[in-house]
Each structure stands twice: as C-alpha cells, then as structure tokens.
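In case you want the letters, here they are:
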Amino acid sequence: MIQLSDHFDYKRLLRYTFPSVIMLIFTSVYGVVDGFFVSNFVGKTPFAAVNFIMPLLMILGCVGFMFGTGGSALIAKTLGEGKCEKANELFTMTVCVSALCGLALAVSGFALLRPIAMLMGAERQLLEDSILYGRIILPALPFFILQYEFQCLFATAGKPKLGLGITVAAGVTNMVLDALFVAAFSWGLAGAAAATAFSQLVGGVIPLLYFAHKNGSLLRFTRYKFDGGALRKTCTNGASELMSNISMSVVSMLYNLQLMKYAGADGIAAYGVLMYVSMIFQAVFIGYSVGAAPVIGYHYGAQNHEELKSLLRKSLILIGIFSVSMFAAGEALGRPLSLLFVGYDAGLLDMTVHAFVIFSFSFLLSGLTILGSSFFTALSDGLTSAMIAFLRTLVFQIAAVCILPIFWELDGIWFSIIVAEVLAALVTVLFLWGKRKKYRY
C-alpha cells in the first residue's frame, strides 16, 4: 500500500494519481452522456439549451472543488505534521460547511435561473428548455458539491481507489438512467436532467455513509469545534480552483453570447461538443494534479524539500507527455467525436470539426497551468494559485474572446482559447521560477 510519506518514483506517482485521473475522466464522460442522448434523441435546440445553462449550474457546484482542494491541502499538511485527530476535525468541519453552502446555493439557484438565462440572451424554446433542465438538477446540488469535494478528499484519506469506485457507480447510474429515461421512456430533456440528479445523489451520499462509520482510511467524521481560521485557510487555499471553475463558466457564458452573435444556436451546439471533449481531455491534467496535491502537501508539511523538488520535476515531465498525447488525440479524433454528437446535421458537423482542429492546440499548454495552480494550492499558497487561475480562465480568455472576433469573426472565437493558454503558461513559468527559493523546490 502506498503511503503519503513514501518516496515517489514515476511508477509510484502514476499509481497513486491514476485513480484520481480515471475518476475525473469518468466524471467528465458521464457528464457527456447527457449531451449525447439529448442531441441524438431529443434534438438540436434542447442540446444547445443544456450547454447554455450548464455554466450557471457549474458555478453553483464548483464550491465543492474549493472545499475539496483547499481542505485537502490543509488536511494533508496537518497529517504530515503528525496531528491526526486535528486532521479529522478539519475534515468533518469542511464537509459540514460545504453541505450547508450547497443548500443555500440550491435555493438561490431557483430564483436566479430565469433572469440569468434571459440576460444571456435565451428566448422562446431555448429559454424554456434551459429553465426545465436547471430546475430539475438544482435539488441535487448539495450532493453535487459533496461529490466534487470527496473526489479530492478520498486521495487525502489514502483511498483514491475507493473514490474511483464511487465515481464509477455514480457514472453508471447516470448512463443507465439516461438510456432508460431518454431513449427508452422518451422523457426528453426532463429525463436527462433527472438521470444526472440521481447520479449526483449517489456520488454524494455514499462517501457520507463511508466516513460516518469506522473505516480503514486516514480520515473519519468526528466531533469538532468550529475553527474560523482553518475554514478561512481552506477557502483561501481552494480559491484558485473555485476561481478557475467560476471563470470557466463565466467565460462559457461570454462565448455563448459571442457565438449567438456570429453563428446562432448552431455555434452554441458546436461549442458544446468542444467543451464536452475538452472536459474529458482536461480531466487528465486535473485528475493528476488533484491526485498529486496531497503528496506535495504532505512532504511540504514534513519539510522534505528534496522529495518536493523531485515531485515537481517528475510532474512537469508527466504533464508534458500528457499534453502532447492530448493534442495528438484531439487532432486525430476531431471528426469521429463530432460525428458522435452532431452527425445528423452536415452544416453543424463541418463547423464543429473545423473548430476542433483549431481548439486542440490549447491542450499543449493547459496542463502546465493546471499543474502550476494546483502545486501552489498544495503548498498552501492560495494567492499565487488563485492568480494563475484567475489570469488563465478569466482575464486572458475574456480579453481574447472579445478582441479576436473583431478581426477574424467566428475563427477568432475558436483561437481565443489558444491565445489565453499561451499567456497563462508564461505566467505560470514565471511564478514557478520566482518562488523556487521560498519553498525550496
């Protein structure tokens, strides 16, 4: 069994992070299943509606990543210091607070759904389909938040494989119910939303039951006293992941606005396909970074600087290999994947394949910035991590998607992500170089 205190060579590092990678990929895949069934069994407009409203739902749900990554870094550091009981108290407090936040956000979501959708330009059938999908999913939001959170915390608890198993169970639930509700029962968009909500329930409840009882992991629920300082540190540490996810969702809304202007609903549908595939590919980078973060946090807490240096070097090499592989896969699979979603519409298919060829270049650099942000989170340097995420996912992308279409119209939108990733990669390299003496990596 691999321990956080072990020396990590490439084989051990890959073995430890592999469950997190597969877990994130599988989470992305079963999210894509909704799009596949809706597009092929319900229609183009409902498919556009799912992609139109999803950024708002992700903004509400990504609080789970903040608590998961921020809490994971603090808990791993506490374990590295030998304070096991304190780590359990922090773990319990983090889960309780995130669940309460989920309830509050779900209630807020019901009130905000329609006005935000209208503000983004939705009308007629696109508006009604967006509202229908969102309102069915919102009651499951607290469990969606917990599911995201536990994806990070299972690695910290030393049980990444168990986290993978629960994610697979949630994913299989979604896939089976999608096939049943949408394809077999013809419940349309409502069926797809219900399938997703039930899968989120599975992903959030099973971990609660596991940690509520005596278990073989490093963590368990226990009595705790509210620690405002630790909660603030958790939120600060995880602010980069929160900012990254919120920014991506805000940028997606802006992309939708620009696409409505230059290509209409077809543009939103094409962008939806890109986002589905991007979620799967980027899950490799995110999964590795999430899986490696507890190891980095532990050795930082233990003041093992040589191991910290080794972990960063190995991680950069592995991410580089992943990046080239993702780019090659994107170029090779652009048409087959587009056919899977929009093969029924020749014009939409051509638009999607053309966008895919351009968009795939972004995979060459996105892994570096994702790793850099996660690395500083693991070092409890939430500010640097947040700055990388903020610049990458919000500032650079908003600037690019607002400016480039003026000169190149629709192609300018597809090129925006590449320009943003180049700038973000430069910023990440500067931070890694500038802080190397402070953290001695």
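Keep in mind that this is a model prediction, so the values were computed, not measured.

Peer 1: Just checking my understanding: could you explain a positive patch on the surface for this structure?
Peer 2: On the surface, Lys11, Arg12, Arg15 and Lys161 cluster together to form a positively charged patch. Take the positive patch: its biggest share by element is three residues, from helix 1 (residues 10–42). The residue Arg15 is located in helix 1 in this model.

Peer 1: Hey, could you run me through the nonpolar core in this one?
Peer 2: In summary, soluble globular proteins display a tendency toward joint burial of nonpolar side chains. Judged by nonpolar contacts, the single largest core of 132 residues is most densely connected at Tyr133, Tyr288, Leu379, Trp414 and Tyr441. With 20 residues, helix 11 (residues 264–301) is the largest single contributor of residues to this core. Setting aside residues no more than four positions away along its own chain, Trp414 makes contact with Leu259, Gly267, Ala270, Tyr271, Leu274, Met351, His354, Ala355 and Ile358.

Peer 1: What should I look at first to understand the confidence of the model for the protein in this one?
Peer 2: It should be kept in mind that the predicted coordinates are not to be read in detail where pLDDT is low. Taken as a whole, the protein shows an average pLDDT of 89; of its residues, 99% reach a score of 70 or greater. By mean pLDDT, the top-scoring element of the protein is helix 8 (residues 188–212) (94), and the lowest-scoring one is helix 10 (residues 239–262) (81).

Peer 1: Explanation requested: the side chain of Ser217 in the structure shown.
Peer 2: For Ser217, the position within the fold is in the loop between helix 8 and helix 9 (228–237). Looking at Ser217, its side chain comes within polar contact range of the side chain of Asn215, at 2.5 Å. Within the local environment of Ser217, its side chain forms a polar contact with the backbone oxygen of Leu219, the two atoms lying 2.7 Å apart. Leaving out residues up to four positions away in the same chain, Ser217 has contacts with Ala157, Lys159, Tyr210 and Phe211.

Peer 1: Hey, could you run me through the pattern of salt bridges in this one?
Peer 2: On inspection of all chains with the given rule, the structure shows eleven salt bridges. Note that Lys83 and Glu81 form a salt bridge whose closest N and O atoms lie 3.7 Å from each other. The exposure class of Lys83 is partly exposed, given its relative accessible area of 45%. Look at Glu81 and you get partly exposed, because its relative accessible area is 36%.

Peer 1: What's the story with the state of the cysteines in this structure? I'm lost.
Peer 2: Between two cysteines, a covalent bond joining their sulfur atoms is known as a disulfide. Summed over all chains, the structure comprises zero disulfides. For Cys96, which is in no disulfide, the shortest distance to another cysteine sulfur is to Cys101 and amounts to 11 Å. Taking the relative accessible area as the measure of exposure, Cys96 reaches 33% and is therefore partly exposed. Looking at the unpaired Cys152, the closest cysteine sulfur is the one in Cys62, lying at 12 Å. By relative accessible area, which is 2% here, Cys152 ends up buried.

The rules behind the values
Residues numbered from 1 in each chain as written. Predicted model: local features only at pLDDT ≥ 70, side-chain atom pairs only at ≥ 80, totals over all residues. Heavy atoms only, no water. Patch = residues over 30% accessible without salt bridge, like charges linked within 9 Å, V, L, I, M, F, W, Y side chains within 5 Å. Areas by Shrake-Rupley, 256 points an atom, 1.4 Å probe, with all protein chains shown as cover. Salt bridge = Lys/Arg side-chain N within 4 Å of Asp/Glu carboxyl O. Lys, Arg positive; Asp, Glu negative; His and termini not counted. Charge placed at Lys NZ, Arg CZ, Asp CG, Glu CD. Helix = DSSP H or I, 4+ residues; strand = E, 2+ residues; numbered from the N terminus. Core = buried A, V, L, I, M, F, W, Y, C linked by side-chain atoms within 4.5 Å. Buried < 20%, exposed > 50% of the residue type's maximum accessible area, 1.4 Å probe, protein only. Contact = heavy atoms within 4.5 Å. pLDDT = per-residue confidence, 0-100. Polar contact = N/O pair within 3.5 Å; in protein donor to acceptor, adjacent residues only side chain to side chain. Disulfide = S-S within 2.5 Å.

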